[in-house]
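Coordinate analysis (summary)
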Amino acid sequence: MADYFVELKKQPYPMFTAPKPYSFDLNEDMVQMLRVDFNPDKVSGALVEAIKGKKGDEAKKAAETFFKDMGVKWMRRTIQLSDEYPDRTIEMVMETVDRTGKQFMLFPHLIQRYVEVAYLGTQDFLKVPITLNNVEVLSYRIPKCALYRKIGEKAGEDFAKQMTCKGYCLGALATMQKHTGVDVIIDQPAETAKAGYCEFSMRKL
Amino acid sequence: MCFLCEQFGDPKQDSGLWYLNSGNYARNMYKLRAPGEGFKGADAGLETGARSGPSIADLINAAEKDDYAEYTKIQKAMLARGQGSQVVPLKDADKVLELSSPIGLIACICRKDARAIDERNELEYTCMGMGVGMLKWERWPERYKGGVKFVNVDEAKEWNHEMDRRGFVHILMLFGAPFIGGFCQCDYPDCGALRNAVDFGVGPIKGHYVAVVNYEKCNGCGICAQRCQWGALKFEVTNEKANIDLFKCYGCGLCETGCPRGAITLLDRSSVPAVAEVWR
């Protein structure tokens, strides 16, 4: 019997081997590509150009239009890059949807991925503070927003406090909703000028 | 109020119960690592913290030596660092399952340890993983040898009710406090958490309820006594009825859901002064 165990131990343990080396993390090249196009310095610089020579309400309206358009572009690029550079984490979501034919994984997880890619590629923090993610609601906070800070530096604190930049995030979320086809109510319960952080939520209809 | 509610409960949500605070189920899918950043280890939270310091093996060694003083010292040290798990009855379990996504049915690691049982498919799974960490289960192929079956809320509830019918206790687990990442389906002696509680007094804390018997309805069938995993329920020979020791009751509610005559009900622990603060 003792020989049996000696022989057994010589055999390699039948470890599961993944068919390909999986990566569960975000592709760093993708994050950098997004950062090049939409880093807060660049976006705030473009804002200053957009409101150049304008004052008061005129400047505010110009900023709102600018951020709305920019938010759409930001999210379109995010979705494009996210889909071009998938990782095993999102593959697991999509495989489950494909295999079961059930859509329950798309909300919140596909939307959560787009949100996380969008902010990790443009903000200074290393993880997005997700405050809720369940089948009914996805919400997150943006503490110490880098874009808000840059707007304050380049266009003045008072201009930043008008929160015209919220159109950037809300426009991006609306674009994502349109792309995914998931019916959600988008809301912003808190904003940086008053609360010190922005909070966004998407509640499934 | 238990120490988990004090730390992780939200008074605005469902009486401040920590496991009904939806924020405790939220977690990011991704993070970027700062250059040179390593793992946090025991600093990551209660669950990982529980792995450092004295262990059950130390308790057993002390017991073998009949060293009661050492045993008590180790037990106190283990209790002081907290255990991130609590017993939850079925009625609260249904609410819990609405707060987390995704939900994956998985093999039980305790039964693999204790019984050498490999649960290899969804018909055999007896454990539940919750939260976005489950999307990365392939990182630990040996742990999840049988794979993961992702289910929606209704399927999860149905599965959980079946587990309850079979006689499993529902225990919620913290995975890096305050994140709740596991919903174990436990029985004695297979389950490590439950065994630690019954044998060594250092397992999950008791639930927020205690069970009481209505003697008018109880016919002494004894089904509840078969379902109790805690040694709290016995068949009283004198009056031929079920009898519950409230100090041993963990409030899992298995006796309540198993009683064919509806003779057992769960009371809020705080409404029974003698056991209102008895969590171990």
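Up top you'll find the structure we're talking about.
Residues numbered from 1 in each chain as written. Chains lettered and ligands numbered in written order. Predicted model: local features only at pLDDT ≥ 70, side-chain atom pairs only at ≥ 80, totals over all residues. Heavy atoms only, no water.

Time to look at the overall build of chain B. Each helix and strand in chain B was counted, giving 10 helices and 10 strands. Relative to a compact globule of 280 residues, whose C-alpha radius of gyration would be 19 Å, chain B shows 19 Å and is just as compact. Along the first, second and third principal axes, the C-alpha set of chain B runs to 70 × 50 × 45 Å. The buried share of chain B, reckoned over its 280 residues, is 54%. Sequence-distant contacts in chain B: of pairs separated by 6 or more residues, those separated by 24 or more amount to 68%. (Helix = DSSP H or I, 4+ residues; strand = E, 2+ residues; numbered from the N terminus. Rg over C-alpha atoms; globule rule 2.2 N^0.38 Å. Buried < 20%, exposed > 50% of the residue type's maximum accessible area, 1.4 Å probe, protein only. Contact = heavy atoms within 4.5 Å.)

Our next topic: the pattern of salt bridges. Between side chains of opposite charge, a pair can form when the charged atoms approach closely. A full pass over the atoms with the stated rule returns 23 salt bridges over all chains. Of the charged contacts in the structure, one is a salt bridge between A:Arg88 and A:Glu95, with a shortest N-O distance of 2.7 Å. Since its relative accessible area comes to 29%, A:Glu95 is described here as partly exposed. Between B:Lys112 and B:Asp118 there is a salt bridge; the shortest N-O distance is 3.7 Å. For B:Lys112, a relative accessible area of 25% gives the class partly exposed. Several salt bridges share partner residues, and in doing so they unite A:Asp41, A:Lys150, A:Glu153 and A:Lys154 into one network. (Salt bridge = Lys/Arg side-chain N within 4 Å of Asp/Glu carboxyl O.)

Bringing the sheet that holds strand β3 (residues 184-190) of chain A into the picture now. All names here are of chain A. The 4 strands are arranged β1-β2-β4-β3 in an open sheet whose pairing can be described as antiparallel. Of all the strands in the sheet, the pair left with one neighbour each is β1 (130-133) and β3. Neighbour to neighbour, the strand axes of the sheet diverge by 15 degrees on average, direction disregarded. Here β3 pairs with strand β4 (residues 197-204) via 5 bridges, running antiparallel. Bridging across to β4, Ile186 finds its partner in Met202. Its contacts with the sheet place helix α6 (residues 106-120) against β1, β2 (137-143), β3 and β4, and it is angled at close to 15 degrees to β2. (Pairing = 2+ DSSP bridges. Axes fitted to C-alpha atoms, helices over the stretch in contact; angles between N-to-C directions.)

All right, on to the interface of chain B and chain A then. With 30 residues of chain B in contact, the opposing surface of chain A contributes 35 residues. Summed over the three residues of chain B that lose the most area to chain A, namely B:Tyr30, B:Leu32 and B:Glu138, the buried surface amounts to 27% of that side. Viewed at the interface, chain A and chain B are joined by 2 salt bridges. Its salt-bridge partner being A:Arg88, residue B:Glu138 comes within 2.6 Å of it at the nearest N-O pair. At the junction of chain B with chain A, the criterion picks out 10 residue pairs in polar contact (both at pLDDT 80 or more). When the residues that make up the side of chain B that touches chain A are grouped by side-chain class, the tally is 15 nonpolar, 6 polar and 9 charged. (Buried area = accessible area lost by both parts, 1.4 Å probe. Polar contact = N/O pair within 3.5 Å; in protein donor to acceptor, adjacent residues only side chain to side chain. Nonpolar A, V, L, I, M, F, W, Y, C, P; charged D, E, K, R; others polar.)

Bringing the sheet that holds strand β2 (residues 103-106) of chain B into the picture now. All names here are of chain B. A sheet is described by the order of its strands in space; here 6 strands give the open sequence β1-β5-β6-β3-β2-β4, paired in antiparallel fashion. Each of the sheet's edge strands pairs with one partner strand only, and the pair in question is β1 (85-87) and β4 (149-151). On average, adjacent strands in this sheet sit at an angle of 25 degrees to one another, irrespective of strand direction. Here β2 runs beside strand β3 (residues 127-130); their pairing, made up of 4 bridges, is antiparallel. Opposite Leu105, over in β3, you have Met128 as the bridge partner.

Everything listed is a geometric property; what it means functionally is a separate question.
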